[in-house]
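Given next are the chains, with one letter for each unit.
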Amino acid sequence: MNTVEQYKEEKHPLDVIEDVKTYAEEGMTFDEIEEYAGDGEWERLKWAGMYSHGVQRGYFMMRTKVPGGYLTPEQAEVIGEVADEYATAPEEYGGEEQNDIWGDAYLDITTRQDIQKHWIEVEDVPEIWETYGDVGLTTIQGCGDSARNVLGCPVAGVSDHEAFNAQPVVDAVSDFFTENREYANLPRKFKMTITGCKHDCGQSQINDVGMTPAKKELDGEWQYGFHVKVGGGLSDGPRMASPLDVFVPPEDAVEFTRAVAQTFKELGDRNNRGVCRMRYLVQQMGAEAFEEAIRDRTELEFPTRGVDLTEGYTGDHVGVHDQKQDGLKYVGFNVITGRMGGDEFAKAARAAKEYGTEDASVRLATDQNFVVTHIPEENIGDLLDEPFARKYRPDPGPFSRGAVGCTGSEFCNYGIIETKNRVRRWAKALDKRIETPEDLGVVRMHMSGCSASCAQPQIADIGFRGETVQVDDPEGTTNEEGDNIVEGMDFGLGGSLGTDNEFIDWVENAVPADAVIPALEQLFDAYTDERHEGERFYEWCRRVGNDRLRTVMQRADANVSGGVAHGD
């Protein structure tokens, strides 16, 4: 049993919720919390949706779960107001000046349709929870070894791409697992996605459980339901999920996911944290044996597969789009790396109420953007004239549109490099400096600050993961050994999900950050000259091969593998 499992044996992790209220009431410092509960409390606090900051002791990141990314305008407004009031940096860390781009009191939209806030102090948590409870929001199990936020299509119920609206199923599964003590102590995090969308917006191929639309003739009638994939994931040891021979009716989805969790709970590895994820168990057992284990743990008789309705993958909802309801539109706003002011998010929520119908909503997407739905066509102009809409415009350049960044070294314990500021600068610079084909659409450029893959670089056109790099550069930071060290990254190309899914190839390792933009300029010059008609960037990368890609990149002002050019 590894150390984290020992912590969970000492105290059930959900018990930390009441402890947080005690810490807040007594105004405990981090040192006092450690003295009271021991080192294991920092792990258990994740079940409250709280991570301690990596370098700013005394503050937390707090994660709000948003099942399927769906928020009422009232919920979205509360999230923004809470960020504006509580997610504020103290003077010792710069206060309002602590970030030269976003300032203070901001929030982050994540790749799992969550909201993250920084600079949260423990004494404020009970009040935040009370405010959240009034509108049906929670942070419970936003982190930790339990069911995480359940993903769904961010335009469920409004898109003509869906076979049926699966948001009610997303909500039912999320409700079952949240604060369920029986399934709140799994071997590792447990990630599910459930969608009725034919475009697999919930990324079923890289989740522990991926449920996608299907239909099957049962008792003489065609019924909608789900096909299932299991064992997908990224980070170290990425794996595409394996299909099961199962058809799950919507009303049985909760029981099916419970049986999967039970299988993982009983058979998953609790020894080595490095291989505790469910994908390793599926790989070890094989999909057929894993399916049999699931069936052994439920009394329901699930039919075999029916007709698959998934047609591909769409991870982008930016822009103004028609809803399937006549006269209504939804608008996808572009938030580079998902970071925006809490006051801006609240204003977006108020605009949804002002310009939308009574069914208006704010949705979070897996590419860190957000969507406002149910806007009558005649109100679109007024909505787009709002200050937040002009800033997070729905018609960005291709690099801004596809830019994703994790938390990075700014707050994360594992981050090696800074990500949010860098990705924003790079995306805007590349939109200006690179002329791309008109039919290109979006360039998915994802940056993770370490190998944990929170920004999902393996499924991007262009992916980065943080490294430190030794260079012959007098301006580099000299460490204790006298070496010149700069921030750098592994550089990958050619990833995608969908019918031609494939993980990225890490074409170059330990590339100095300053060398990246010149290399990308060379790559896109070559791509524009050599592409076949309609060929996407990731398709071109795969076709020409890694040796050719390296040769092209090395035409830049400096050698990608060793020198430094100016682009950061």
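Just above sits the structure.
What this report covers is the structure whose coordinates are included nearby. (Residues numbered from 1 in each chain as written. Predicted model: local features only at pLDDT ≥ 70, side-chain atom pairs only at ≥ 80, totals over all residues. Heavy atoms only, no water.)

What about the packing of helix 8 (residues 253-267) against helix 10 (residues 287-296)?
Consideration 1: For the pair helix 8 and helix 10, interaxial distance at closest approach is 8 Å and the crossing angle is 110 degrees. In this view, helix 8 runs roughly perpendicular relative to helix 10, as classed from their interaxial angle. Pair helix 8 / helix 10 crosses with right-handed handedness. Here F256, A259, V260, T263 and L267 of helix 8 come into contact with helix 10, specifically with F290, A293 and I294.
Consideration 2: Class assignment of the residues belonging to the contact of helix 8 with helix 10 gives a composition of seven nonpolar, one polar and no charged. (Axes fitted to C-alpha atoms, helices over the stretch in contact; angles between N-to-C directions. Helix = DSSP H or I, 4+ residues; strand = E, 2+ residues; numbered from the N terminus. Parallel < 35°, antiparallel > 145°, perpendicular 65-115°, else oblique. Left-handed = near helix turned anticlockwise from the far one by under 90°. Contact = heavy atoms within 4.5 Å. Nonpolar A, V, L, I, M, F, W, Y, C, P; charged D, E, K, R; others polar.)

Observations concerning the packing of aromatic side chains
Consideration 1: Inspection of the entire model under this criterion finds 28 aromatic pairs.
Consideration 2: When the centroid spacing of 5.9 Å and the interplanar angle of 75 degrees are considered together, the rings of F345 and F370 count as edge-to-face. With F345 in helix 11 (residues 342-355) and F370 in strand 15 (residues 370-376), this pair connects stretches of sequence that are 25 residues apart.
Consideration 3: Its relative accessible area of 1% is what places F345 among the buried residues.
Consideration 4: Using a relative accessible area of 0% as the deciding quantity, one classes F370 as buried.
Consideration 5: Geometrically, the ring pair formed by Y527 and F537 is edge-to-face, given 5.3 Å between the ring centres and 90 degrees between the ring planes. Of this pair, Y527 sits in helix 16 (residues 516-530) while F537 sits in helix 17 (residues 537-544), and the two are 10 residues apart along the sequence. The pair Y527 / F537 is uniform in exposure class, with both members buried.
Consideration 6: Among the aromatic side chains, those forming a connected cluster through ring pairs are F176, F177, Y183, F190 and F264. (Phe/Tyr/Trp six-rings, centres within 6.5 Å; stacked < 30°, edge-to-face > 60°. Buried < 20%, exposed > 50% of the residue type's maximum accessible area, 1.4 Å probe, protein only.)

Overview of the sheet that holds strand 4 (residues 106-109)
Consideration 1: With antiparallel pairing, the five strands of this open sheet are ordered in space as 1-2-5-4-13. Here the strands that pair on one side only, and so sit at the sheet edges, are strand 1 (50-52) and strand 13 (339-341). Each strand of the sheet is rotated relative to its neighbour by a mean of 30 degrees, with strand direction disregarded.
Consideration 2: As paired elements, strand 4 and strand 13 share three bridges and run antiparallel to each other. Each residue of the ladder has a partner; that of D108, found in strand 13, is R339. (Pairing = 2+ DSSP bridges.)

Considering a negative patch on the surface
Consideration 1: There is a patch of like negative charges on the surface, built from D84, E85, E127, E130, D134 and D343.
Consideration 2: Elements supplying a minimum of two residues to the negative patch: helix 5 (73-86) and helix 6 (125-133).
Consideration 3: Within the secondary structure, E85 is located in helix 5.
Consideration 4: The class for E85 is exposed, based on a relative accessible area of 52%. (Patch = residues over 30% accessible without salt bridge, like charges linked within 9 Å, V, L, I, M, F, W, Y side chains within 5 Å. Areas by Shrake-Rupley, 256 points an atom, 1.4 Å probe, with all protein chains shown as cover. Salt bridge = Lys/Arg side-chain N within 4 Å of Asp/Glu carboxyl O. Lys, Arg positive; Asp, Glu negative; His and termini not counted. Charge placed at Lys NZ, Arg CZ, Asp CG, Glu CD.)

Quick notes on the nonpolar core
Consideration 1: One finds L71, F333, F345 and F370 to be the most contacted residues of the largest nonpolar core, which totals 57 residues.
Consideration 2: The contacts of F370, once residues within four sequence positions are left out, are I109, V331, G332, F333, V335, M340, A348, V362, R363, L364 and F388.
Consideration 3: By size, the runner-up hydrophobic cluster in this structure holds 36 residues, among which are L493, A519, L520 and V552. (Core = buried A, V, L, I, M, F, W, Y, C linked by side-chain atoms within 4.5 Å.)

Side note on helix 17
Side chains three or four residues apart in an α-helix point the same way, a direct result of the helix having 3.6 residues per turn.
Consideration 1: Regarding helix 17, the residues found buried are F537, Y538, W540 and C541. Buried residues in helix 17, looked at end-on, bunch into an arc of 160 degrees, giving them a common side.
Consideration 2: In this fold, the buried residues of helix 17 make contact with strand 18 (462-470), strand 20 (484-493), helix 16 and helix 18 (546-553).
Consideration 3: One or two residues past the end of helix 17 sits G545, with phi positive at roughly 90 degrees. (Arc of directions from axis to C-beta.)

A short note on the layout of surface pockets
Consideration 1: Here the second largest pocket defines a volume of roughly 380 Å³.
Consideration 2: Looking at the second largest pocket, it is lined by 23 residues, and the ones nearest its centre are Y313, T314, G315, R444 and R536.
Consideration 3: Across the lining of the second largest pocket, the residue classes break down as six nonpolar, 11 polar and six charged. (1 Å grid on protein atoms, 1.4 Å probe; cavity = no way out; pocket = protein on both sides within 12 Å on 5 of 7 lines; lining within 4 Å. Points joined across faces, edges and corners; volume = space filled by probe spheres on them.)

Thoughts on the side chain of K65
Consideration 1: Within the secondary structure, K65 is located in the loop between strand 2 (60-64) and strand 3 (70-71).
Consideration 2: The buried charged residue K65 lacks any salt bridge partner; its closest oppositely charged side chain belongs to D114, at an N-O distance of 7.4 Å.
Consideration 3: What K65 contacts, discounting residues up to four positions off in sequence, is D114, T138, I140, Q141, G142, A147, N149 and T178.

Let's talk about the sheet that holds strand 15
Consideration 1: Pairing in this open sheet of five strands is antiparallel, and the strands run 3-14-15-12-11 from one edge to the other. Strands at the two margins of the open sheet, each flanked by one partner only, are strand 3 and strand 11 (319-322).

Quick word on the environment of V486
Consideration 1: Mapped onto the secondary structure, V486 falls in strand 20.
Consideration 2: Distance from V486 to E121, taken between C-alpha atoms, is 33 Å for residues 365 residues apart in sequence.

Quick notes on the pattern of salt bridges
Consideration 1: Inspection of every chain in the model, using the stated rule, returns 39 salt bridges.
Consideration 2: R44 is the partner of E10 in a salt bridge, and the nearest nitrogen-oxygen pair spans 3.8 Å. Of this pair, E10 sits in helix 1 (residues 3-10) while R44 sits in helix 4 (residues 40-44), and the two are 34 residues apart along the sequence.
Consideration 3: The exposure class of E10 is exposed, given its relative accessible area of 60%.
Consideration 4: Note that K353 and E77 form a salt bridge whose closest N and O atoms lie 2.8 Å from each other. Linking K353 in helix 11 with E77 in helix 5, this pair joins segments that are 276 residues apart in sequence.
Consideration 5: Where salt bridges share partners, they join E5, K8, E43, K46, D145, R270 and R273 into one cluster.

So, unusual backbone geometry
Consideration 1: One non-glycine residue, A105, adopts positive backbone phi at about 60 degrees.
Consideration 2: Mapped onto the elements of the fold, A105 is located in the loop between helix 5 and strand 4.
Consideration 3: A105 sits in the buried class, given a relative accessible area of 7%.
Consideration 4: Backbone geometry places T337, a non-glycine residue, at a positive phi of 65 degrees.
Consideration 5: Position of T337 relative to the elements: it lies in the loop between strand 12 (328-333) and strand 13.
Consideration 6: Overall, T337 belongs to the buried group, its relative accessible area being 0%.

Describing the pairing of strand 18
Consideration 1: Here four bridges tie strand 17 (residues 445-448) to strand 18, and the two strands are oriented parallel to one another. Residue pairing for strand 18: M445 is matched across the bridge by I462.
Consideration 2: Relative to strand 20, strand 18 runs antiparallel, the two sharing nine bridges. Counted as the bridge partner of Q470 is I485 from strand 20.

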